[in-house]
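# Examination of the molecular architecture
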Protein chains: 2
Amino acid sequence: MIRPLLRCRFSTKFDLFHNNPIPANKRRLVPTSGIYPKGFKVGSIRAGIKPPDSSQPDLVLVASEIPASGAAVFTKNEFCAASVTMSRELVRRTQGQGIRGVIANSGCANTLTGQAGLDDAWAMSREAHRHLVNSPLETARHDPSVLVMHTGAGAQRLPIKNILQSIPPLFQSLGNSHTHWLNAARGLCTTDTFPKLTSRRFSLPSAPETEFSLAGLTKGAGMVHPNMATTLGILCTDAPVTPPALQQLLRNAADETYNCVSIDGDTSTNDIVAMLANGAAAAKGTSPIDLHGGSSSDQSPDFVAFQRILSEFMAEMAQLVVRDAEGASKFITIRVRGSPSHAAGKHIASVIAKSVLVKTGIYGQDANWHGILAAVGYALLETPFEGQGIIVPEQTSVSFVNASSRGELVKFFERGVPVPVHAGLVKQIMEAEDVETVIDLRDDGSCTSAARQEGEAVYWTSDITHDFVSINSGIH
Amino acid sequence: MIRPLLRCRFSTKFDLFHNNPIPANKRRLVPTSGIYPKGFKVGSIRAGIKPPDSSQPDLVLVASEIPASGAAVFTKNEFCAASVTMSRELVRRTQGQGIRGVIANSGCANTLTGQAGLDDAWAMSREAHRHLVNSPLETARHDPSVLVMHTGAGAQRLPIKNILQSIPPLFQSLGNSHTHWLNAARGLCTTDTFPKLTSRRFSLPSAPETEFSLAGLTKGAGMVHPNMATTLGILCTDAPVTPPALQQLLRNAADETYNCVSIDGDTSTNDIVAMLANGAAAAKGTSPIDLHGGSSSDQSPDFVAFQRILSEFMAEMAQLVVRDAEGASKFITIRVRGSPSHAAGKHIASVIAKSVLVKTGIYGQDANWHGILAAVGYALLETPFEGQGIIVPEQTSVSFVNASSRGELVKFFERGVPVPVHAGLVKQIMEAEDVETVIDLRDDGSCTSAARQEGEAVYWTSDITHDFVSINSGIH
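Fair warning: this is a prediction, and the values are worked out from it, not measured in the lab. (Residues numbered from 1 in each chain as written. Chains lettered and ligands numbered in written order. Predicted model: local features only at pLDDT ≥ 70, side-chain atom pairs only at ≥ 80, totals over all residues. Heavy atoms only, no water.)

Let us now look at the overall build of chain A. Helices and strands together make up the secondary structure of chain A, namely 11 helices and 15 strands. Against the compact-globule benchmark of 23 Å for 476 residues, chain A has a radius of gyration of 23 Å, which places it among compact chains. Taken over the C-alpha atoms alone, chain A extends approximately 70 × 55 × 40 Å along its principal axes. For chain A, the residues scored as buried account for 64% of the 476 residues in total. Sequence separation of 24 or more characterises 79% of the internal contacts of chain A that already satisfy a separation of 6 or more. Counting 42 positive and 44 negative side-chain charges, chain A places the centres of these two groups 7 Å from one another. (Helix = DSSP H or I, 4+ residues; strand = E, 2+ residues; numbered from the N terminus. Rg over C-alpha atoms; globule rule 2.2 N^0.38 Å. Buried < 20%, exposed > 50% of the residue type's maximum accessible area, 1.4 Å probe, protein only. Contact = heavy atoms within 4.5 Å. Lys, Arg positive; Asp, Glu negative; His and termini not counted. Charge placed at Lys NZ, Arg CZ, Asp CG, Glu CD.)

Listed below in structure tokens is the structure:
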């Protein structure tokens, strides 16, 4: 039996988990077309994992027609989901070679389910693999070859029979149209209010004529129950990359994108971002992007160029996650510059991004620069950076970006001294959906621009609202 | 001019910052009498720091009739208030000898006010000192001798003229009745819904016949604006303690009480807990409690006994702070036992206490043990304890205390496996105002009691509610 593919109806209404339409202010974030990498097919289906009243797909397959290089980054949570344990093991065994796809389900997180849950994850992987090698897509045999991702409610077993029975029709649903990709993105959704998909073309210095592409699916943070923020990301490219280079590129990019996002400060048990590179768009005989030595200065121009492209692309994906943070009314960018140590600057940005008082204050359209400074002031306590003189109140400034005025910086606190800001200007800055603050730890007055500076640390976060509390408490 | 003392009207209505009555469920926390230490007087007055529509005092003096030993613990926030910088310096200069009192104001936090703000703090201290040495209380001269505390809105100057002019009538208001002490506690309040005061009698092993007493004032967490949780604590005893012993006793007790409290996870710029010991109840010739060597095993029986008394007493004070957490509906106790390292166990407890998802879940009366385990699972990442094998899922259990059933432990997760719990029992446990969870990292099945175990770490926290968001965002 082939289940009918769900049709995309995002123009006026988009059924998600609760069959709600996409909010008006989110529609601009859903692409109406895309440029998808060669040699990949994606499918999605309802396998009965989500509640029966949901019209969303809950089982997704992203498949490469040829064996691909694969890489993944995983949550470090020690109570991780079966998908994390299993897929980490798969990457270890294969060393990222001969990867054929990713099978992902939403609606059940398969956490705290012990060996039985782990067996289920392996069963999903093996069954998908078996169909891949029996399908006309097959060109080589590798076992195991399919990564697994789960997101949804925790501490319950997967309906594994339903899932395994749904794999044949899932294969039947494979395709490479924009609608296929968008439906796959829908299939990752849980409390998301819109599907998260992006794609782009690019070329590499060694083959400026060759057109490659890169596509990414991701999901927003949050589970209705049991209150666990999970993000998943699946990236596909038709550029040729060796497994070690792909792992390094993905890890570097994740460190400055997905690892710079905080919704509620809780690290999920299920987070996985995986990437496949199948080289299907490369001209014959092209050398893949490879890793040369350990340091970034040793790398080839292609590696360096692709690193930049991937980091920008994953920043866009990670920002989509924050754009759909549970109950959020604001998209908040936090930039920390002037830190003698980049790691310390990133840590300070993360602490501000987790400050409940900063986040409730910004919800209330209060610039709350006192709260930001208070967070800066305790950020390095009990860290290796404590007592290193990184925080110097008399050299510290806090600004907000005035988006209505070509992004100029408006200082609220300059080198240790509060600066009076006209109430009308504060209102203008804080009323916007996008709020951006710049904390300069070594303000010498030379920089008045919000443009990203070398060495600066960036975090993206959202506000804590009444709706956030309603979603996570179930009290409305 | 002597301003009239505010009268205590707590039986049916208690005007606090917003002139609201004490909530019915908080009245039991306000004492109707007390046992106050000899040789101390306290006063409070309206100095025009709080808004004119407040009927609360906003300037408080706690004075010892004789020079006392003094000790204090301070916030480590690098953007600390002037009171913190000044009082820390005072303790350094005096080495805790000849301390005469604490002057505290509410309504203005005196943060981010630079040298001018610091001068104001010193001016408060000097003026209070000057009146003390001119007053009949005087027996010896020490300069400086008065600690300063601020709490209230940040980044604004104190109305220092009003404050200095109010010091003479503040001295006129001094007294040692229960009403004096309760009004002093009211004078520390900001967004508190009830004044926080406690006192007790005790004796020491070396003088079992002598009756000493210990009194403490404290304040709840939270400022309406700019969203900064501050706690202050002032403790007075008439037992004799040397300054070095007092500092050690206070630090030890603070580490397991005030430093085990989290409301919103933000470390204030203003926190100070100070203690005065004047020995006024000691028989002539009694040796004060002193510090012997560095380790706890070197200490005298009096030191050991007083440490236990002080820690219990300060636990009660710290719990009063959490009982009045902004917008909270729950008082949550988190116990982590079985950790190979006490410090790691305390860190895990602190991370659970800060988990926004755990706290919103408990607000929704969801036991949310998945969220607790997720927090345990990421608690030690990027800490010195990472990778030490402290978290072992198969040895971990999570229980909640069933208060209605003699405090028995109800396991929700036992040695890595979820345990089904009857919905009625979950409801009964989670409906209570007091919710207590026990996380056992090395559950060997031997312990079924919630009673505190040797080496166990405890944190007290509150839930995150719609009211919390309303208070901290200003959106209602």
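The interface is formed by 50 residues belonging to chain A together with 50 residues belonging to chain B. Taken together, the two surfaces of chain A and chain B that pack against each other cover about 4,600 Å², and 67% of this comes from carbon and sulfur. Where chain A touches chain B, the interface holds zero salt bridges. Summed over the shared surface of chain A and chain B, the number is nine residue pairs in polar contact (both at pLDDT 80 or more). Of all the elements in the fold, those that place two or more residues in the side of chain A that touches chain B are α8 (356-363), α9 (369-379) and α11 (466-473) of chain A. (Buried area = accessible area lost by both parts, 1.4 Å probe. Salt bridge = Lys/Arg side-chain N within 4 Å of Asp/Glu carboxyl O. Polar contact = N/O pair within 3.5 Å; in protein donor to acceptor, adjacent residues only side chain to side chain.)

Let us now look at the pattern of salt bridges. Residue and element names in this part refer to chain A. In the structure shown here, the tally under the stated rule is 36 salt bridges over all chains. Where lysine 196 meets aspartate 192, a salt bridge forms, and the shortest distance between an N and an O atom there is 2.7 Å. Note that arginine 200 and glutamate 312 form a salt bridge whose closest N and O atoms lie 3.8 Å from each other. Placement of the pair is arginine 200 in strand β5 (residues 196-204) and glutamate 312 in helix α6 (residues 301-323), with a sequence separation of 112 residues. Here glutamate 312 falls in the partly exposed class, since its relative accessible area comes to 45%. A network of salt bridges, in which partner residues are shared, links Arg28, Arg323, Glu433 and Asp434.

For the rest of this paragraph, the subject is the sheet that holds strand β8 (residues 261-262) of chain A. Residues and elements named next belong to chain A. Ordered by their spatial adjacency, seven strands build an open sheet running β8-β15-β10-β14-β11-β12-β13, and the pairing between neighbours is mixed. Edge positions in the sheet fall to β8 and β13 (417-418), since each of these pairs with one other strand and no more. Bridge count between strand β11 (residues 397-402) and strand β14 (residues 434-440): four bridges; the pairing is antiparallel. Within the sheet, the bridge partner assigned to valine 398 lies in β14 and is isoleucine 439. (Pairing = 2+ DSSP bridges.)

The next point concerns the UniProt feature "binding site: substrate" (unreviewed entry) in chain A. All names here are of chain A. The residues that UniProt annotates with the feature "binding site: substrate" (unreviewed entry) are Thr190, Lys219, Thr230, Glu326 and Asn472. Tracing the backbone shows asparagine 472 in helix α11. Judged by relative accessible area, which is 2%, asparagine 472 ranks as buried. At 3.1 Å, the side chain of asparagine 472 and the side chain of glutamate 326 are in polar contact. (UniProt positions renumbered as here; feature names shortened; annotations may be inferred.)

Time to look at the pairing of strand β11 (residues 397-402) of chain B. All names here are of chain B. Across the six residues of β11, six count as buried, placing the element largely inside the fold. Residues Ser397, Ser399 and Val401 point to one face of β11 and Val398, Phe400 and Asn402 to the other, with burial holding for every one of them. Linking β11 to strand β12 (residues 408-414), which pair antiparallel, is a turn of five residues; within it arginine 406 sits at a positive phi near 50°.

The end-to-end C-alpha distance of α6 of chain A is 33 Å, a good match for the 33 Å that 23 residues give at a rise of 1.5 Å each. Burial analysis of α6 of chain A places 17 of its 23 residues in the buried class, which makes it a mostly covered element. (Expected span 1.5 Å × (residues − 1).)

Of the transformation superimposing chain A on chain B, the axial component is 0.0 Å and the angular component is 180°, with the fit at an RMSD of 0.1 Å. With respect to symmetry, the two chain copies, as superposed, fit the operation of a two-fold axis. Among all residues of chain A, the one whose C-alpha sits closest to the rotation axis is histidine 466 of chain A, at a distance of 2.7 Å. When the interface residues of chain A are mapped onto chain B, 100% of them again fall at the interface, so both copies present the same face. (Least-squares fit on C-alpha atoms with pLDDT ≥ 70 in both.)

All names here are of chain B. Mapped onto the secondary structure, threonine 257 falls in the loop between α5 (243-255) and β8 (261-262). Assessed through its relative accessible area of 1%, threonine 257 is described here as buried. For threonine 257, the side chain forms a polar contact with the main-chain oxygen of alanine 253, separated by 2.6 Å.

With that settled, consider the environment of lysine 50 of chain A. Residues and elements named next belong to chain A. Along the chain, lysine 50 turns up in the loop between β1 (40-45) and β2 (59-74). Considered as a pair, lysine 50 and asparagine 105 are 55 residues apart in the sequence and their alpha carbons are 9.3 Å apart. Of the polar contacts made by the side chain of lysine 50, one reaches the backbone oxygen of proline 57; its length is 3.0 Å. Polar side-chain contacts of lysine 50 include one of 3.1 Å to the side chain of serine 106.

This paragraph deals with the sheet that holds strand β14 (residues 434-440) of chain B. Residue and element names in this part refer to chain B. Reading across from one edge, β8-β15-β10-β14-β11-β12-β13 is the order of the seven strands in this open sheet, with mixed pairing throughout. Whereas interior strands pair on both sides, the edge strands pair on one side only; in this sheet they are β8 and β13 (417-418). In this fold helix α9 (residues 369-379) packs onto β11, β12, β13 and β14, with an angle of close to 135° to the strand it touches most, β11. (Axes fitted to C-alpha atoms, helices over the stretch in contact; angles between N-to-C directions.)

According to the stated counting rule, one finds 12 aromatic pairs over all chains in the structure shown. Where phenylalanine 400 of chain A meets phenylalanine 412 of chain A, the ring centres are 5.3 Å apart and the plane angle is 70°; that geometry is what we call edge-to-face. Remark: phenylalanine 412 of chain A occurs in strand β12 (residues 408-414) and phenylalanine 400 of chain A occurs in strand β11; sequence separation between them is 12 residues. Taken as a pair, phenylalanine 400 of chain A and phenylalanine 412 of chain A share a single burial class, namely buried. By way of ring pairs, the aromatic residues Phe79 of chain A together with Trp369 and Phe413 of chain B are connected into one cluster. Over the ring of phenylalanine 331 of chain A we find arginine 323 of chain A, and its NZ or CZ is 3.7 Å from the ring centre. (Phe/Tyr/Trp six-rings, centres within 6.5 Å; stacked < 30°, edge-to-face > 60°. Lys NZ or Arg CZ within 6 Å of the ring centre and 35° of its normal.)

Time to look at unusual backbone geometry. Residues and elements named next belong to chain A. Even without glycine at this site, alanine 155 takes up a positive phi of about 60°. Its location among the elements puts alanine 155 in the loop between β4 (146-153) and α3 (160-172). Using a relative accessible area of 21% as the deciding quantity, one classes alanine 155 as partly exposed.

For the rest of this paragraph, the subject is the domain arrangement of chain A. Residues and elements named next belong to chain A. Here chain A is partitioned into domain 1 (24-323) and domain 2 (331-473). Inter-centroid distance (C-alpha atoms) of domain 1 to domain 2 is 32 Å. Every contact between the two is made by 19 residues of domain 1 and, on the other side, 15 residues of domain 2. Interface area, domain 1 with domain 2, both sides summed: about 1,500 Å², of which 50% is carbon and sulfur. It is Cys260, Ser262 and Arg323 in domain 1 that bury the most area against domain 2; as a group they hold 35% of the surface buried on that side. Across the domain 1-domain 2 interface, the total number found is three salt bridges. The shortest N-O distance in the salt bridge between arginine 28 and glutamate 433 comes to 3.8 Å. (Domains from an automatic or database assignment.)

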